[in-house]
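Here is how the chains run, residue by residue.
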Amino acid sequence: MKIRHHIYVAAIAAMLTTGAYAEDIILGVQGPYTGGSSSMGVSNRAGIHIAVNEINAAGGIIGKKIVLVERDDEAKNERGVQIAQEFVNNAKVVGVLGFVNTGVVLASSRFYQDAKIPVIGMPSGSVVTQQFPNAPENYIFRIAARDSLQAPMIAKEAVEKRGFKKVAILADSTNYGQLGREDMEKALKAYGVTPVAVEKFNIGDVDMTTQLLSAKSAGAEAILTYGIGPELAQIANGMAKLGWKKPMIGSWTLSMSSFIDTAGKNGDGAIMPQTFIQIGNTPKRKAFIDAYLKDYKPKNGLMPSAVSAAQGYDSVYILAAAIKQANSTDGPKVLAALQNLNEPVPGVITTYVKPYSATDHEAIEAKDIVMGVIENGRVQYLNAEDAKTKKM
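All values reported here derive from a predicted model rather than from experimental measurement.

Chemist: Can you break down the overall build of the chain residue by residue, with the values?
Modeler: When helices and strands are counted, the chain shows 13 helices and 14 strands. In terms of overall dimensions, the chain is globule-like: its C-alpha atoms have a radius of gyration of 20 Å, near the 21 Å expected for 392 residues. Overall, the C-alpha framework of the chain stretches about 65 × 45 × 35 Å when taken along its three principal axes. When the 392 residues of the chain are sorted by exposure, 57% land in the buried category. Considering only intrachain contacts with a sequence separation of at least 6, the fraction spanning at least 24 residues in the chain is 69%.

Chemist: Give me the lowdown on the nonpolar core, citing residues and values where you can.
Modeler: Ranked by internal contacts, the top residues of the largest apolar core, which has 50 residues, are I120, F288, I318 and L338. If you list the elements that add at least two residues to this core, you get β1 (25-31), α2 (38-57), β2 (66-72), α10 (283-296), α11 (306-326) and α12 (331-338). Here the element with the most residues in this core is α11; it accounts for 10 residues. The residues contacting I120, other than those within four sequence positions of it, are V96, L97, G98, F141, I143, S315, I318, L319, L338 and Y356. A151, I154, V193 and V373 belong to the second largest nonpolar core, which has 29 residues in total.

Chemist: Got a sec to walk through the packing of helix α7 (residues 209-217) against helix α8 (residues 229-242)? Specific residues and values, please.
Modeler: It is the contact of α7 with α8, at a shortest axis distance of 10 Å, that shows an interaxial angle of 65 degrees. When the axes of α7 and α8 are compared, the crossing they make is right-handed. Every residue of α8 that contacts α7 at T209, L212, L213 and K216 is listed here: I235, G238, M239 and L242. Counted by class, the contact of α7 with α8 contains 5 nonpolar, 2 polar and 1 charged residues.

What counts as what
Residues numbered from 1 in each chain as written. Predicted model: local features only at pLDDT ≥ 70, side-chain atom pairs only at ≥ 80, totals over all residues. Heavy atoms only, no water. Helix = DSSP H or I, 4+ residues; strand = E, 2+ residues; numbered from the N terminus. Rg over C-alpha atoms; globule rule 2.2 N^0.38 Å. Buried < 20%, exposed > 50% of the residue type's maximum accessible area, 1.4 Å probe, protein only. Contact = heavy atoms within 4.5 Å. Core = buried A, V, L, I, M, F, W, Y, C linked by side-chain atoms within 4.5 Å. Axes fitted to C-alpha atoms, helices over the stretch in contact; angles between N-to-C directions. Left-handed = near helix turned anticlockwise from the far one by under 90°. Nonpolar A, V, L, I, M, F, W, Y, C, P; charged D, E, K, R; others polar.

Structure, rendered in C-alpha cells:
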C-alpha cells in the first residue's frame, strides 16, 4: 500500500529530532502491516492517512498539525508490547490509533493506560474496553463492532432467519478466535442451540479437513466462523474439496480481501456483520471511497478491508474532536472530552453523537451494523433496505 511520503518523513523526524516538531500533535499508529492480518492493518492505516491529510489541509487542530509515528506490530503480542513501550517512552505520543488484533491490545494496552494516553482501536474482542475495571480512569476506547454484538447477529441469521438447528463453530486458537467462540456459544444458547461441533485451528493452517469432517459427521447445516481471512479461505476451499458446501456465516473478517481472493468462487455466499461496505450511498462515503481509490489504487478497485479503512478514518476525527474540545493534548483532558463530546462528529460509518461516556467506551452499537454477503468477489449488502438506510 502507498504511504504518504510527507507524513512518514515527518513521523521519523519527530522521533529523531527532539523539539524540532514541538508544536506538532504526535499520534502513534500501530497495526499489522505484514502477515495474515495485513489487509486489515494497511486499510486501517490508509483511512487514518486520508483523515489526517484532510485535517492538516484545513489547518490542523488547535493550530497544530498532526504527525503520525507508525509501527508494524505484525499481529504479534510481544511486538505490540515493544511498540507500546517505544511510543510511551521515546516517541511521546499523545494518542494511539490503529490497534487491530485483540491479542495485541490485551498484551500491550496497559502501557498506554498507565501513561494516560488515549487509545482508539478496532479489535472486536468483547473484553478489550473492560480490562481495567478498578481503575479510576479508562483510556482504552473502541470504534468497532464488539463480538458481544456480532455473535448475536450471526446466531440470529443462522438460527432465526435461516432455520439452522445444527451448526458447527470453527474458530482460530488466538484470543480473538476463542473469545469470539465463547460469545458465539452464548448467543446460540439464547436460542436453545448447542453446536454439534466446535473445532479449533491455528494461524497458518492450510488444511481444514479434520475440522470439516468433524462438522460433517455431526450433521452440521452451517459453519459459523471466528478467524481471519487466510484461514477462513481454507475453510471455504476445504468444503469445496470435500464436495460438502454449507453456508458460512461468521464475524466481520469474512469481508477481508485475504478471504475473498484466496477463496475465490468458494467464498461467494459467505455472510458477516459489517459497519461499512464499499458502496458510496452517501456523499461522505463516496468522497472517502474516491479518496482511497485515488491515493492507494487497490487491486480491482477494492479496499483490502473496507471496514478497517472506515474505522481508521473515523477514529482520527473522533480523537481530533476531543483534542479540539479539550484545547489540549494532555491525556486526562482529552479523556474527559472523549467521554463527553459536545458536538456530533460526522464519520463514514455514522455520525457520532456522544459516542463515549465515562462508563461506555464503545462507539459502535447494534444500529450501526448491517449484514454483508460476498457476491462475485465483493461485499454487498445482504438486505437491500440497508443500502438505502442513511447511517450517518
